[in-house]
Amino acid sequence: MLPPELPPLPALTHAEGELIDRYLDVVDLLGRINPARHADTYQGLRAAQALVAKAALLRDALELMHRRGETELHAPTLARALRVLDGERRTARVTMPADTDS
């Protein structure tokens, strides 16, 4: 059985697509570093090392948009794109897990 088809991505400029991709790269690495969710220091170390390069790519994507005159982010459209790309689950890994000790 095939999984349900995802909704289509909203129309994005190339620069907006690059911004979303680089943002999710950084979020994924931050989720791997989150000490409240993982006990493996080596995994966190490797993710932290990779974060430097990915953060620079995110900066470059934003810088390119700014240089091109794209000074406003269209948050509702970008949020839709993030949802289609599983951004809610991916960003949840960066936050604190629910307290289960209660």
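Whatever comes next refers back to the structure up there.
Source: prediction; values computed, not measured. (Residues numbered from 1 in each chain as written. Predicted model: local features only at pLDDT ≥ 70, side-chain atom pairs only at ≥ 80, totals over all residues. Heavy atoms only, no water.)

Novice: Explain the pattern of salt bridges to me, please; I cannot follow it from the model alone.
Specialist: Charged atoms that come close allow side chains of opposite charge to pair. Summed over the entire model, instances satisfying the criterion amount to 8 salt bridges. The partner of Arg 22 in a salt bridge is Asp 25, and the shortest N-O contact between them spans 3.0 Å. A residue pair is termed a helical-turn pair when its members lie 3 or 4 positions apart in one helix, as Arg 22 and Asp 25 do in helix α1 (residues 14-33) at 3 residues. Assigned by exposure class, Arg 22 and Asp 25 land together as buried. In this structure, Arg 67 engages Glu 63 in a salt bridge whose closest nitrogen and oxygen atoms are separated by 4.0 Å. One end of the pair is Arg 67 and the other is Glu 63, both in helix α2 (residues 41-67) and 4 residues apart, which spans about a single turn. Owing to a relative accessible area of 40%, Glu 63 belongs among the partly exposed residues under this scheme. Salt bridges linked by common partners bring Glu 18, Arg 22, Asp 25 and Lys 54 together as one network. (Salt bridge = Lys/Arg side-chain N within 4 Å of Asp/Glu carboxyl O. Helix = DSSP H or I, 4+ residues; strand = E, 2+ residues; numbered from the N terminus. Buried < 20%, exposed > 50% of the residue type's maximum accessible area, 1.4 Å probe, protein only.)

Novice: How should I be thinking about unusual backbone geometry in this particular structure?
Specialist: Among all residues except glycine, the phi angle is most often negative; among peptide bonds, the trans geometry is most common. Located in the positive-phi region is Asp 86, a residue other than glycine, with phi close to 65°. By secondary structure assignment, the location of Asp 86 is in the loop between α3 (75-84) and α4 (87-92). Given a relative accessible area of 35%, Asp 86 falls into the partly exposed group.

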